Amino acid sequence: DLHISDNTPPVLTLPTATNTVNCNGNVSATRNAWFASAIGIDDCGGTVTVNPSLLNIDESCVGNVTTTTETYLFIALDECGNQSTNTALFTITDSNPPVITPPTNLSIACGGNNATAIIDWLDNYTVVEACQNSTVTNNYNGSIPNLCNGAPLVVTWTVSDACGASSTASAQII
């Protein structure tokens, strides 16, 4: 009887050693296509599965540009349990500042109890930031304005990402 034993690990071909993409909201699809480009070949002709696993995420700033480098471990496994492993980097560059849209102007009654309306209004902004968390601040000092003189109060919101890229928008309490 002839018995063939496969003790040879599959050949693992990684995706591009370092793949850099710009953050545009489609990072997940690009990353998945990058994963799918890794291949494994078995000398005995069997099926090889290749699976990536996230090992590490590093974020760094150069000026207001955020660079996120993800390190993945790729494992190629053949039908006999032999495996090959190697790592590859996927890098995302975010040079776009987050964008904030303020609420519409707030009309309040002259001399009325407007604190709740103002507090709710201050939190009624929207932020678009495709790749990272952001922080929102505003310049409202907390005092209830006396708008009986007809002068509006301008409130400015600022949104910033981790590397300081920011944008502002304003609305008025009238």
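Our structure's up above, just so we're on the same page.
Residues numbered from 1 in each chain as written. Predicted model: local features only at pLDDT ≥ 70, side-chain atom pairs only at ≥ 80, totals over all residues. Heavy atoms only, no water.

Draft legend 1. Spotlight on the overall build of the chain. Within the chain, the regular secondary structure consists of 2 helices and 11 strands. Along the chain direction, N to C, the helices and strands of the chain fall in the order β-β-α-β-β-β-β-β-α-β-β-β-β. Projected onto its principal axes, the C-alpha coordinates of the chain cover approximately 100 × 30 × 20 Å. Evaluated residue by residue, the chain yields a buried proportion of 32% over its 174 residues. (Helix = DSSP H or I, 4+ residues; strand = E, 2+ residues; numbered from the N terminus. Buried < 20%, exposed > 50% of the residue type's maximum accessible area, 1.4 Å probe, protein only.)

Draft legend 2. Here's a closer look at the state of the cysteines. Summed over all chains, the structure comprises 2 disulfides. Here cysteine 61 engages in a disulfide with cysteine 163; their sulfurs sit 1.9 Å apart. Measuring the twist about the S-S bond at about -80 degrees, one finds the cysteine 61-cysteine 163 disulfide to be left-handed. Of this pair, cysteine 61 sits in strand β4 (residues 48-62) while cysteine 163 sits in the loop between β10 (153-161) and β11 (166-173), and the two are 102 residues apart along the sequence. Judged by its relative accessible area of 9%, cysteine 163 is buried. Among the cysteines around cysteine 44, which has no disulfide bond, cysteine 80 carries the closest sulfur, lying 6.5 Å off. (Disulfide = S-S within 2.5 Å.)

Draft legend 3. Broad picture of the pattern of salt bridges. On inspection of all chains with the given rule, the structure shows 1 salt bridge. A salt bridge links arginine 31 to glutamate 70; its shortest N-O distance comes to 2.9 Å. Placement of arginine 31 in helix α1 (residues 27-36) and of glutamate 70 in strand β5 (residues 65-78) is noted, with a sequence separation of 39 residues between them. Just as arginine 31 is buried, glutamate 70 falls in that class too. (Salt bridge = Lys/Arg side-chain N within 4 Å of Asp/Glu carboxyl O.)

Draft legend 4. Geometry of the pairing of β5. Note that β4 and β5 share 14 bridges and pair antiparallel. Looking at β5, one finds that valine 62 is bridged to valine 65. Between β4 and β5, which pair antiparallel and follow one another directly, the connecting turn spans 2 residues, one of which, glycine 63, has a positive phi of 65 degrees. As defined by bridge partners, β5 adjoins strand β6 (residues 83-94) across 12 bridges and the pair is classed as antiparallel. Of the residues in β6, the one forming a bridge with threonine 67 is threonine 93. What sits between the antiparallel neighbours β5 and β6 is a turn of 4 residues, in which glycine 81 has the positive phi angle 90 degrees. (Pairing = 2+ DSSP bridges.)

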